[in-house]
Amino acid sequence: ATQAERAEELSARIFQPLRRRRERAETERGRLYDEAMREAERKEAMEAERQDNFAQQQHEEAVARAAAAEQRGRNARFVQCRADALEAERILEECTRQDDLAQRRAQQCARMDDERAQSAEARRARDEQTALRQQAHCEAEDQRLADKAQVYCEKIERVCRLEAS
């Protein structure tokens, strides 16, 4: 086998398991992140549903109070406006909550992107260092073989001179 083939075989034997482990770890991190995001979304959906039910109940109670007020001769229009204001306030709170959620998600995605970029940069630097070490090793091996060949040539020369004498 040539020296380059040995170097490739050595590289594959040493670095391939590390790469596979790194890829599995990144996949697992991604899966855990997705799972955490799904759980957070599920909890937020449950909270939103609870708030919607509460708001619906509040709205229904406000409408019932308006009907009772109308029966007693009160100004139902004022009560309806109050219920609408409560509904508008609830919608405003929901929109604010959705904006906060979107902002947190964007921040989390930005953090994940930054972490991935840092990981890629570190991996690139490690790969570059590995390539440099591997190249130095190959050069040292080439020099060792050249020195060995030189010694062999000198030995053959001596033998030839002795035989010629």
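A few points on the structure.

**Structural notes on the overall build of the protein chain**
Check the secondary structure of the protein chain and you find 2 helices and 0 strands. Compactness check: the protein chain gives a C-alpha radius of gyration of 38 Å against a globular reference of 15 Å for 165 residues, more than 25% above the reference. Viewed in the frame of its principal axes, the protein chain has a C-alpha envelope of about 140 × 20 × 10 Å. Classification of the 165 residues of the protein chain by burial places 13% in the buried group. Contacts in the protein chain between residues at least 24 apart in sequence constitute 78% of all its contacts with a sequence separation of at least 6. Total accessible area on the protein chain stands at roughly 13300 Å², and carbon and sulfur atoms take up 54% of it. Computed over 33 positive and 37 negative side-chain charges, the inter-centroid distance for the protein chain is 4 Å.

**Focus: the side chain of glutamate 94**
Mapping glutamate 94 onto the fold places it in helix H2 (residues 76-164). In this structure glutamate 94 touches Ala48 and Gln51, once residues within four positions along its chain are discounted.

**With respect to a nonpolar patch on the surface**
Taken together, the side chains of Leu10, Ile14 and Leu18 define a hydrophobic patch exposed on the protein surface, amounting to about 220 Å² of accessible area. On the secondary structure map, leucine 18 appears in helix H1 (residues 3-71). Taking the relative accessible area as the measure of exposure, leucine 18 reaches 37% and is therefore partly exposed.

**Digging into the pattern of salt bridges**
Following the criterion strictly, the structure yields 16 salt bridges and no others. Taking the shortest distance from any N to any O, the salt bridge between glutamate 94 and arginine 97 comes out at 2.8 Å. On the criterion of helical spacing, the pair formed by glutamate 94 and arginine 97 is a turn pair, its members being 3 residues apart in helix H2. With respect to class, glutamate 94 is no different from arginine 97; both count as buried. The residue arginine 116 makes a salt bridge to aspartate 113 at a minimum N-O spacing of 3.7 Å. With a gap of 3 residues between them, arginine 116 and aspartate 113 both fall in helix H2, about one helical turn apart. In the salt-bridge network here, residues are joined through shared partners; they are Glu41, Glu44, Arg104 and Arg105.

**Description of the environment of alanine 64**
Here alanine 64 shows up in helix H1. Alanine 64 sits 21 residues away from lysine 43 along the chain, and the two C-alpha atoms are 31 Å apart.

**A few points about the environment of arginine 29**
Relative to the elements of secondary structure, arginine 29 occurs in helix H1. For the pair arginine 29 and alanine 85, spaced 56 residues apart in sequence, the C-alpha to C-alpha distance is 45 Å.

Rules used throughout
Residues numbered from 1 in each chain as written. Predicted model: local features only at pLDDT ≥ 70, side-chain atom pairs only at ≥ 80, totals over all residues. Heavy atoms only, no water. Helix = DSSP H or I, 4+ residues; strand = E, 2+ residues; numbered from the N terminus. Rg over C-alpha atoms; globule rule 2.2 N^0.38 Å. Buried < 20%, exposed > 50% of the residue type's maximum accessible area, 1.4 Å probe, protein only. Contact = heavy atoms within 4.5 Å. Areas by Shrake-Rupley, 256 points an atom, 1.4 Å probe, with all protein chains shown as cover. Lys, Arg positive; Asp, Glu negative; His and termini not counted. Charge placed at Lys NZ, Arg CZ, Asp CG, Glu CD. Patch = residues over 30% accessible without salt bridge, like charges linked within 9 Å, V, L, I, M, F, W, Y side chains within 5 Å. Salt bridge = Lys/Arg side-chain N within 4 Å of Asp/Glu carboxyl O.

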